[in-house]
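# Residue-level structure breakdown
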Amino acid sequence: MEPKRFESESESHHDVVAEARRAQAEREKGYRARALKMYPWVCGHCGREFSGRKLRELEVHHRDHNHDNNPPDGSNWELLCMYCHENQHARHGVAAVYGDEQGSDGLSEPLSTHQPFAGLADLLNKDKK
Ligand SMILES: [Zn+2]
Ligand SMILES: [Zn+2]
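Cut-offs and rules
Residues numbered from 1 in each chain as written. Chains lettered and ligands numbered in written order. Predicted model: local features only at pLDDT ≥ 70, side-chain atom pairs only at ≥ 80, totals over all residues. Helix = DSSP H or I, 4+ residues; strand = E, 2+ residues; numbered from the N terminus. Buried ≥ 20, exposed ≤ 12 C-beta atoms within 10 Å, placed from the backbone. Contact = placed C-beta atoms within 7 Å. Core = buried A, V, L, I, M, F, W, Y, C linked by C-beta atoms within 7 Å. Pairing = 2+ DSSP bridges. pLDDT = per-residue confidence, 0-100.

## Here's the deal with the overall build of the protein chain
Check the secondary structure of the protein chain and you find five helices and two strands. Mapped from its N terminus to its C terminus, the protein chain presents α and β elements in the order α-α-β-β-α-α-α. Put simply, the protein chain has 129 residues, and 9% of those count as buried. Intrachain contacts of the protein chain at a sequence separation of at least 6 include 56% that bridge at least 24 residues.

## A few points about the nonpolar core
Counting 10 residues, the largest nonpolar core consists of Y31, A35, C43, L58, V60, W77, L79, L80, C81 and C84. For this core, the elements supplying multiple residues, two or more each, are α2 (10-38), β1 (58-62) and β2 (77-81). Considering every element that reaches this core, the biggest residue donor is β2, with four residues. Once residues lying within four places of it in the same chain are set aside, the contact partners of C84 are C43, H45 and C46.

## Quick word on the pairing of β2
For β2, the buried fraction is high: four of the five residues fall into the buried class. Where β1 meets β2, five bridges bridge the pair, whose relative direction is antiparallel. Bridge assignment links H62 to a residue of β2, and that residue is W77.

## Points about the confidence of the model for the protein chain
A low pLDDT score tells you not to read the predicted coordinates there in detail. In this model, the protein chain carries an average pLDDT of 78, and 63% of its residues clear a pLDDT of 70 or more. Within the protein chain, helix α4 (residues 100-107) has the poorest average pLDDT of any element, 42, and β2 the best, 97.

## Considering unusual backbone geometry
Even without being a glycine, H65 presents a positive backbone phi close to 65 degrees. Mapped onto the elements of the fold, H65 is located in the loop between β1 and β2. Judged by the 16 C-beta atoms lying within 10 Å of it, H65 falls in the partly exposed class.

Dropping the structure here:
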């Protein structure tokens, strides 16, 4: 509830974000390697097979969309080609799960606290969606 404090820390915040991205990339490498050992290199949706360089296009999808949920038995993972993976996220409307850090930038839009037409704006927004 204190957006101003958030702003004043934006510089260090960026460092934290960069650090978090790096950490996440490391983590992704970890579960990706494990998932690739566990499952055949086939897209779970379109059935395309991958090997060699093409393997880069095979991505690890989290069934519950929680990238931190990486059970050792692989039950939360599904191998999808990058196209099906994208579709999967688009369909569930949870693409935002991908970039919590990126999303926070979008959230810092200046919002006036005094909004006489807040209710109306809500209605309009609902209409658009
Ligand atoms: Zn596919
Ligand atoms: Zn996914």
